[in-house]
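Remarks on the overall topology
The residues making up each chain are set out below.
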Amino acid sequence: MSTHVLVEKMQAQREGGKILATILKEIEARTVAGVTGLELDEYARELCVKHSVEAVYLKEAKDFGYAICISKNDVLIHGVPDSEPFQDGDKVSFDMTIRHKGWCVDSAFTILVGGKGSAATKHLLRATRGAFYAGIEGIRAGSSVGQIGYQVEQYLCSAKLGIIKDFIGHGIGRTMHEAPEVPNFGHAKSGAILKVGQTICIEPMTSLGGVATKIDPVDGWSVHLVDGSLGAHYEHTVLILEDGTEVLTAW
């Protein structure tokens, strides 16, 4: 990649990251009991128009047809928005990718509607978020992807959570999913070497129970935990710098 294109990419993804953070923050504020996933998806579309960005799932995910993934309770990721109102205590994950000036950014988070939930569920959410930050600690150009996975895995093992291995993080650029693969497990000093200006999505996915997953046979998208336990998902787009990292979608 030429220096000119790299500079263009970094600027667009920085701007796009701030926009996506703003959109997701507004989505979170509207996630209350009585609201439906379809209503939040419509709001996400309106926000994309407002900020002049493209909702990548809406345009490019074949047969999905929505701007944002909304995954409730035993649905881990890729949940399809529906008309069932949220209830206090529901665990809900949101995952959204936008394209700004030709470059993509991606982010996800998990909350409890009304802030209500068991101590175990609150631990699940806190530790999944914490695993993300453990994964980027000490990462810089010249580090390996395996180091990220190792650090995430060690953190989650200490938290006594299930580590989902069927789905992993990824590089991101003009398209949503690019090389390298970024697992949430692995061996330190293994895998692809990260370079200055590269952007990757680190996204721990965890469970309170088993780690086996299955795709919903009806909608073909929603990924359920086989044992019906609760899972969580936390993701940011991360820019690799010579002396560290920059979380582009932080809010």
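Everything that follows concerns the structure shown earlier in this document.
A short tour of the structure in this document, coming up. What you are looking at is a predicted structure, and each value in this text was computed from that prediction instead of being measured.

A word on the environment of H123
- Locating H123 in the fold gives a position in helix α4 (residues 119-136).
- Take H123: its relative accessible area is 30%, and that puts it in the partly exposed class.
- With 85 residues separating them along the chain, H123 and L208 place their C-alpha atoms 9.3 Å apart.
- What H123 contacts, discounting residues up to four positions off in sequence, is A159 and L161.

Here we look at helix α2 (residues 37-50)
- With 14 residues, α2 extends 20 Å from end C-alpha to end C-alpha; this agrees with the ideal 20 Å at 1.5 Å per step.
- Residues G37, L40, D41, Y43, A44, L47 and C48 constitute the buried set of α2. For α2, the angular spread of buried residues about the axis comes to 160°, placing them on one side. Exposed and facing more than 90 degrees away from the buried side of α2 are V49 and K50.
- Summarising the contacts, the buried residues of α2 are in contact with α1 (3-30), β1 (54-55), β2 (69-72) and β4 (91-100).
- In the segment just after α2, S52 is the residue with positive phi, at about 55°.

As for the nonpolar core
- Among the nonpolar cores identified, the biggest contains 48 residues, and F94 and M96 are the most heavily contacted of them.
- Contributing elements (two or more residues each) for this core: α1, α2, β4, β5 (103-112), α4, α5 (145-158), β9 (199-202) and β14 (236-241).
- Ranked by the residues each element gives to this core, the list is headed by α4, at six residues.
- When sequence neighbours within four positions are dropped, the list of residues in contact with M96 reads L20, I23, L24, A44, C48, A67, I68, V105, D106 and S107.

Some details on the packing of α1 against α2
- Viewed as axis vectors pointing N to C, α1 and α2 meet at an angle of 150°, and their least axial separation amounts to 10 Å. In this view, α1 runs roughly antiparallel relative to α2, as classed from their interaxial angle. As for how α1 packs across α2, the hand of that crossing is right-handed. Contacts between α1 and α2 involve I23, E26, I27 and R30 from the first element and L40, Y43, A44, L47, C48 and K50 from the second.
- Its residues assigned to classes, the contact of α1 with α2 comprises seven nonpolar, no polar and three charged.

Digging into the pattern of salt bridges
- Applying the stated criterion across every chain, the model contains nine salt bridges.
- Residues R14 and E246 are paired through a salt bridge, measuring 2.8 Å at the closest nitrogen-oxygen approach. In this pair, R14 is assigned in helix α1 and E246 in strand β15 (residues 244-247), connecting sequence segments 232 residues apart.
- Given a relative accessible area of 30%, R14 falls into the partly exposed group.
- For E246, a relative accessible area of 25% puts it in the partly exposed group.
- We note a salt bridge from K72 to E84, for which the minimum N-O separation is 3.7 Å.

Conventions we followed
- Residues numbered from 1 in each chain as written.
- Predicted model: local features only at pLDDT ≥ 70, side-chain atom pairs only at ≥ 80, totals over all residues.
- Heavy atoms only, no water.
- Helix = DSSP H or I, 4+ residues; strand = E, 2+ residues; numbered from the N terminus.
- Buried < 20%, exposed > 50% of the residue type's maximum accessible area, 1.4 Å probe, protein only.
- Contact = heavy atoms within 4.5 Å.
- Expected span 1.5 Å × (residues − 1).
- Arc of directions from axis to C-beta.
- Core = buried A, V, L, I, M, F, W, Y, C linked by side-chain atoms within 4.5 Å.
- Axes fitted to C-alpha atoms, helices over the stretch in contact; angles between N-to-C directions.
- Parallel < 35°, antiparallel > 145°, perpendicular 65-115°, else oblique.
- Left-handed = near helix turned anticlockwise from the far one by under 90°.
- Nonpolar A, V, L, I, M, F, W, Y, C, P; charged D, E, K, R; others polar.
- Salt bridge = Lys/Arg side-chain N within 4 Å of Asp/Glu carboxyl O.

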